[in-house]
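# Coordinate analysis (summary)
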Amino acid sequence: MLILPIILPTNERKHLLNLASGNTKTYIGNSNLQMELRRLRSIGLISNTQPIGYIKDGVPFDLSSFVKLTRFGSKWIPQLMKYEREVEAEGEDRRNEEK
């Protein structure tokens, strides 16, 4: 799990988890997002259903209308969820220590 943040940065993990949970309707287009989606596609975790280049800067859109998880991407979801829970628990522990 220690290598996961290096392989998949936070934003990319969130995109995958949002696709898995159906939380895809609140996206706003920008060039960084396009780059992240292209990277996820290049490593086989998502596939696009329409060109990623059609995502317009500053325009709201539903992520699931542009990309979907691949079978390989779906297999990563349990590990990503476990990692996110660990990170969240670690943050809670630190906040409690600071009190």
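Structure: above.
The structure contained in this document is the topic of the report that follows. Predicted, not measured: the structure shown is a model, and the values here were computed from it. (Residues numbered from 1 in each chain as written. Predicted model: local features only at pLDDT ≥ 70, side-chain atom pairs only at ≥ 80, totals over all residues. Heavy atoms only, no water.)

### Looking at the packing of helix 2 (residues 10-21) against helix 3 (residues 31-42)
How two helices pack is summed up by the angle between their axes together with the distance between the axes. In contact at an axis separation of 10 Å, helix 2 and helix 3 are set at 70° when each is read in the N-to-C sense. The angle between the axes of helix 2 and helix 3 places the two elements in the roughly perpendicular class. Residues Asn11, Glu12, His15 and Leu16 of helix 2 pack against Leu33, Glu36, Leu37, Arg39 and Leu40 of helix 3. Taken together, the residues of the contact of helix 2 with helix 3 break down into 4 nonpolar, 2 polar and 3 charged. (Axes fitted to C-alpha atoms, helices over the stretch in contact; angles between N-to-C directions. Helix = DSSP H or I, 4+ residues; strand = E, 2+ residues; numbered from the N terminus. Parallel < 35°, antiparallel > 145°, perpendicular 65-115°, else oblique. Contact = heavy atoms within 4.5 Å. Nonpolar A, V, L, I, M, F, W, Y, C, P; charged D, E, K, R; others polar.)

### Concerning a nonpolar patch on the surface
On the surface, a cluster of nonpolar side chains totalling about 300 Å² of accessible area is made up of Ile3, Ile6 and Ile7. Classification of Ile7 by relative accessible area gives partly exposed; the value is 33%. (Patch = residues over 30% accessible without salt bridge, like charges linked within 9 Å, V, L, I, M, F, W, Y side chains within 5 Å. Areas by Shrake-Rupley, 256 points an atom, 1.4 Å probe, with all protein chains shown as cover. Salt bridge = Lys/Arg side-chain N within 4 Å of Asp/Glu carboxyl O. Buried < 20%, exposed > 50% of the residue type's maximum accessible area, 1.4 Å probe, protein only.)

### Structural notes on helix 2
The end-to-end C-alpha distance of helix 2, which contains 12 residues, comes to 16 Å, matching closely the 16 Å that a straight helix rising 1.5 Å per residue would cover. Turning to helix 2, its buried residues number three or more, namely Glu12, Arg13, His15, Leu16, Leu17, Asn18 and Leu19. At the C-terminal side of helix 2, Gly22 shows a positive phi close to 80°. (Expected span 1.5 Å × (residues − 1).)

### Focus: the pattern of salt bridges
What the rule picks out here adds up to 3 salt bridges. Among the ionic pairs, Glu12 bridges to Arg39, the shortest N-O distance being 3.1 Å. Of this pair, Glu12 sits in helix 2 while Arg39 sits in helix 3; the two residues are 27 residues apart in sequence, bridging distant segments of the chain. Using a relative accessible area of 5% as the deciding quantity, one classes Glu12 as buried. Given a relative accessible area of 30%, Arg39 falls into the partly exposed group. Residue Lys25 is joined to Asp62 by a salt bridge in which the shortest nitrogen-to-oxygen separation is 3.0 Å. With Lys25 in the loop between helix 2 and strand 1 (27-28) and Asp62 in the loop between strand 3 (60-61) and strand 4 (67-69), the pair connects residues that are 37 residues apart, well separated along the chain. For Lys25, a relative accessible area of 60% puts it in the exposed group.

Any functional reading would require information that these geometric values do not contain.
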